[in-house]
Protein chains: 2
Amino acid sequence: MQLLKEKVLNEGIVLSNQVLKVDSFLNHQMDPVLMKEVGKEFKRLFADQSIDRVLTIESSGIAPGIMTALELEVPLIFARKQKSLTLREDIFVEKVYSFTKQETNEITVSRKFIQPGERVLIVDDFLANGEAAFGLARIVEQAGAEVAGIGIVIEKAFQPGGRLLKEAGYRVESLVRVAALDNGMVTFAE
Amino acid sequence: MQLLKEKVLNEGIVLSNQVLKVDSFLNHQMDPVLMKEVGKEFKRLFADQSIDRVLTIESSGIAPGIMTALELEVPLIFARKQKSLTLREDIFVEKVYSFTKQETNEITVSRKFIQPGERVLIVDDFLANGEAAFGLARIVEQAGAEVAGIGIVIEKAFQPGGRLLKEAGYRVESLVRVAALDNGMVTFAE
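Note that the coordinates shown come from a computational prediction; the quantities given were computed from them, not determined experimentally.

With that out of the way, let us pick up the side chain of Lys 156 of chain B. Residue and element names in this part refer to chain B. Along the chain, the position of Lys 156 falls in strand β9 (residues 146-156). An unpaired buried charge is present at Lys 156: no salt bridge exists, and Asp 125, the closest side chain of opposite charge, is 10 Å distant. From its side chain, Lys 156 meets the backbone oxygen of Gln 18 in a polar contact 2.8 Å long. Discounting chain neighbours no more than four positions away, the residues touching Lys 156 are Gln 18, Val 19, Phe 126, Leu 127, Ala 128 and Val 178.

In C-alpha cells:
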C-alpha cells in the first residue's frame, strides 16, 4: 500500500534494528484518512471472503479495525488486555506474551459476541512474533467460529510471526512488510 | 441523537441504578455505522469552533474519536493509561481516578503531538464524574493549547461530571444524557 509506505518512510522512526516507531500516524497519534484507506484496502484484499465480524485488540488495533468494519458493514469487537483475571464463564480468555513488554497478558472477549459458524476477520496494527494474532485466532476457534483471514497494517517480516501464522494455515495480508531496520533505515520486503 | 437513544434503549443493559452496560455497540463490540454518525454529529455540534486535533483516551474513546477526527479532517491522539510510570520529559502526565475501578491511573500524551496555541476537541465515550475529561483537559492546558470543547457519547447526567466541567468553563456536548437508571429502566434527560 503506497500511501502507507510513504508514511512509514516519512514519519517512521527507526529506534533500533528491531523497533520502528510510528506513533505519529498509527499508535498514539492517528491519521484518520490513512485509517480509512487501510479499511478500504482490507475490504479489497478479503473481497473473496464472507466476513461476519472484525476482531482486534486494544488499543492500537481499534482505529484500523473500526474502519475495516465500516467498509465491510459488520461489527468490530476489540479484545481487552489484562494482567490477571478472575475466571468468568461469560468470556473467552487466552494468554498472550508480549516480547516488547516482556509480560504475559490475558486477552478476553465476551462469549456473546462470537457465535459458532461465524467467519471472523482479525485486524491488528503490527505483526512481529505473532503472539497477539495467534491469541485472537484461538479465541475465534474457542467460539467455534472460523478465522476468515488476518489483516496486518505493518508486518516486521524479519520476525517470525507472518511465517508462523501462514504455516498454521491462516491467510495473512500485510499492507506493508518491513524487511529490515538496519542502519536507521527502513527496507521494505518484496 | 435519536439513533443513539434507540441503541441505548434496545441494547443497553441496566446493571444497577449507577451502571449502564453498552458493550454491544460502544465499548467492547462497536457498531461502525453508529460511530460514523457520532463523528458527523460532533462535527455538526462544534461547527463554530476551529479545531486542530481530537484528543481521547484508550480504549473505548478511540472509535468515536477517529470518526470525529475523520469528519473534521484533523489527527486523533489517544492518551494512554498506565498504573504507574517512570517520569519522562517527553510526555505530559496527569493522574485520573476511576470511580468504577477504584484505582488511579496516570494518563499520558507525547509532548510532540499538542502544540501551544492549538485548539483541541476532547471526545470520550462516557461522562460520569468527569475525572477522565478533566485529566485530558489538564493535558491540553499543560501543552499551552486550548480546549475547544468536550464531546461525550453518553453522559450519565445524574452524576456530577457534566455540571463540574461546565462550571469550570468548558463547553460540553453530550449526544445522549441519561437522567436515571432506576428500576432497570433508562430515562433520558430533557
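So, on to the relation of the copies chain B and chain A. Each copy superposes on the other: chain B lies on chain A with an RMSD of 0.0 Å after a rotation of 180 degrees and an axial shift of 0.0 Å. Given the turn and translation reported, the copies of this chain are related as if by a two-fold rotation axis. When C-alpha distances to the rotation axis are compared across chain B, the minimum falls at Ser 59 of chain B, with a value of 2.7 Å. Interface overlap between copies: 100% of the residues of chain B at the interface are likewise at the interface in chain A, consistent with a symmetric, same-surface contact.

Counting across every chain of the model gives four aromatic pairs over all chains. For the pair Phe 134 of chain A and Tyr 170 of chain A, a centre-to-centre distance of 6.3 Å together with 75 degrees between the ring planes defines the contact as edge-to-face. One end of the pair, Phe 134 of chain A, is in helix α4 (residues 131-142); the other, Tyr 170 of chain A, is in the loop between α5 (161-167) and β10 (172-180), and 36 residues separate them in sequence. By relative accessible area, Phe 134 of chain A is classed as partly exposed at 21%. Accessibility expressed as a relative area gives 15% for Tyr 170 of chain A, which makes it buried. A ring pair is formed by Tyr 97 of chain B and Phe 99 of chain B, whose centres lie 5.0 Å apart and whose planes are at 85 degrees; its orientation type is edge-to-face. The ring centre of Phe 188 of chain A lies 5.4 Å from the NZ or CZ of Lys 5 of chain A, which sits over that ring.

Further remarks concern a nonpolar patch on the surface. A cluster of nonpolar side chains, Ile 13, Leu 15 and Val 19 of chain A, forms an exposed patch at the surface whose accessible area comes to about 240 Å². Structurally, Leu 15 of chain A is set in the loop between β1 (13-14) and β2 (20-21).

Residues and elements named next belong to chain A. Look at the UniProt record and you will see "binding site: xanthine" (unreviewed entry) annotated at Leu 20, Asn 27 and Lys 156. With respect to the secondary-structure elements, Leu 20 resides in strand β2. The contacts of Leu 20, once residues within four sequence positions are left out, are Val 8, Gly 12, Ile 13, Val 14, Phe 126, Ile 154, Val 178, Leu 181 and Val 186. Not counting chain neighbours up to four residues away, the residues in contact with Lys 156 comprise Gln 18, Phe 126, Leu 127, Ala 128 and Val 178.

Let's shift gears to the pattern of salt bridges. Inspection of the entire model under this criterion finds 34 salt bridges over all chains. Here Arg 44 of chain B ties to Glu 41 of chain B by a salt bridge, and the two come within 2.8 Å at their closest N and O atoms. Here the residue Arg 44 of chain B and the residue Glu 41 of chain B both occupy positions in helix α2 (residues 32-45), the gap between them amounting to three residues, near one helical turn. Residue classification places Arg 44 of chain B among the exposed positions, given a relative accessible area of 53%. By relative accessible area, which is 18% here, Glu 41 of chain B ends up buried. Here Lys 95 of chain B makes a salt bridge to Glu 106 of chain B, at a shortest N to O gap of 2.9 Å. With Lys 95 of chain B in strand β6 (residues 91-98) and Glu 106 of chain B in strand β7 (residues 103-110), this residue pair connects regions lying eleven residues apart in the sequence. For Lys 95 of chain B, a relative accessible area of 53% translates into the label exposed. By sharing partners, the salt bridges in this structure join Lys 7, Glu 11 and Asp 31 of chain A into a single network.

So, how was this worked out
Residues numbered from 1 in each chain as written. Chains lettered and ligands numbered in written order. Predicted model: local features only at pLDDT ≥ 70, side-chain atom pairs only at ≥ 80, totals over all residues. Heavy atoms only, no water. Helix = DSSP H or I, 4+ residues; strand = E, 2+ residues; numbered from the N terminus. Buried < 20%, exposed > 50% of the residue type's maximum accessible area, 1.4 Å probe, protein only. Lys, Arg positive; Asp, Glu negative; His and termini not counted. Salt bridge = Lys/Arg side-chain N within 4 Å of Asp/Glu carboxyl O. Polar contact = N/O pair within 3.5 Å; in protein donor to acceptor, adjacent residues only side chain to side chain. Contact = heavy atoms within 4.5 Å. Least-squares fit on C-alpha atoms with pLDDT ≥ 70 in both. Phe/Tyr/Trp six-rings, centres within 6.5 Å; stacked < 30°, edge-to-face > 60°. Lys NZ or Arg CZ within 6 Å of the ring centre and 35° of its normal. Patch = residues over 30% accessible without salt bridge, like charges linked within 9 Å, V, L, I, M, F, W, Y side chains within 5 Å. Areas by Shrake-Rupley, 256 points an atom, 1.4 Å probe, with all protein chains shown as cover. UniProt positions renumbered as here; feature names shortened; annotations may be inferred.

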